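Here is how the chains run, residue by residue.
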Amino acid sequence: QVRAVESGGGLVQVGGSLRLSCVASRSIFTISTMGWYRQAPGKQRELIASINNIGTPNYVDSVKGRFTISRDASKKSVYLQMNNLKPEDTAVYFCNGLEPGWSNSWGQGTQVIVSS
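Throughout this description, residue numbers start from 1 for each chain and increase along the sequence as written. Given that this is a predicted model, residues contribute local features only at a pLDDT of at least 70 and side-chain atom pairs are listed and counted only at 80 or more, while totals for whole chains, interfaces and linings are drawn from all residues. Hydrogens and water molecules were not included; the side-chain quantities draw on all heavy atoms of the structure.

Undergrad: I'm lost on the sheet that holds strand β7 (residues 67–72) in this one. Help?
TA: The strands making up a sheet associate through backbone hydrogen bonding, with each pair oriented either parallel or antiparallel. Two strands pair under a simple rule: DSSP has to find at least two bridges between them. Put simply, DSSP H or I for four residues or longer makes a helix, DSSP E for two residues or longer makes a strand, and each gets a number counted from the N terminus. Read from one edge of the open sheet, four strands run β1-β3-β8-β7, paired in antiparallel fashion. In the strand order of this sheet, the two ends are held by β1 (5–7) and β7, each with one partner. On average, adjacent strands in this sheet sit at an angle of 15 degrees to one another, irrespective of strand direction. Sheet topology note: the strand β3 (residues 18–23)/strand β8 (residues 77–82) ladder contains six bridges and is antiparallel. By the bridge assignment, Leu20 is partnered in β8 with Leu80. Inter-axis angles, ranging from 0 to 180 degrees, are taken between N-to-C directions of lines fitted to C-alpha atoms, where helices are fitted over the stretch in contact.

Below is the structure:
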């Protein structure tokens, strides 16, 4: 099973920005709703942003107005622009499809640390 490959994480100061990238090279990419998830230490993984196959985004309230999800079907890639980062955004970030067919495609994630 092809797994997602995330990149772009790092250490950033409060108020800074990062752009995460994810390559999910599966044939069902173009018909899938893709999402960015994050898992903070000691917490469960949560879906924070998603984008359907026609580009309609959705966000949880905690990132709305600060994060922007986008996708490029030609590259089978999903992106997450993160602005005005806060310490509570510190987590490992993952991307994956929301449909059951993506259940075995989890990658290693990319670490984001926001220092105050």
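Undergrad: Explanation requested: the state of the cysteines in the structure shown.
TA: By definition, a disulfide links the sulfur atoms of two cysteine residues through a covalent bond. By disulfide we mean two sulfur atoms from cysteines, separated by a distance within 2.5 Å. The full count for this structure, using the stated rule, is one disulfide. Covalently, Cys22 is tied to Cys95 through a disulfide, its sulfur atoms 1.6 Å apart. In this pair, Cys22 sits in strand β3 while Cys95 sits in strand β9 (residues 91–97), placing the two residues 73 residues apart along the sequence.

Undergrad: Sorry, what's going on with the sheet that holds strand β6 (residues 57–59) here?
TA: The strand order β2-β10-β9-β4-β5-β6 describes an open sheet built from six strands, whose pairing is mixed. Two strands close off the open sheet at either side, each with one partner strand: β2 (10–13) and β6. Mean inter-strand twist for the sheet, computed between neighbouring axes without regard to direction, equals 25 degrees. One ladder, built from five bridges, connects strand β4 (residues 34–39) with strand β5 (residues 46–51); its direction is antiparallel. Note on β5: the bridge partner recorded for Trp36 is Ala49.

Undergrad: Before we go on, may I ask you to explain the side chain of Ser50 in this structure?
TA: Structurally, Ser50 is set in strand β5. We call two residues in contact whenever any of their non-hydrogen atoms come within 4.5 Å of each other. When sequence neighbours within four positions are dropped, the list of residues in contact with Ser50 reads Thr33, Met34, Gly35, Thr56, Pro57, Asn58, Ile69 and Leu98.

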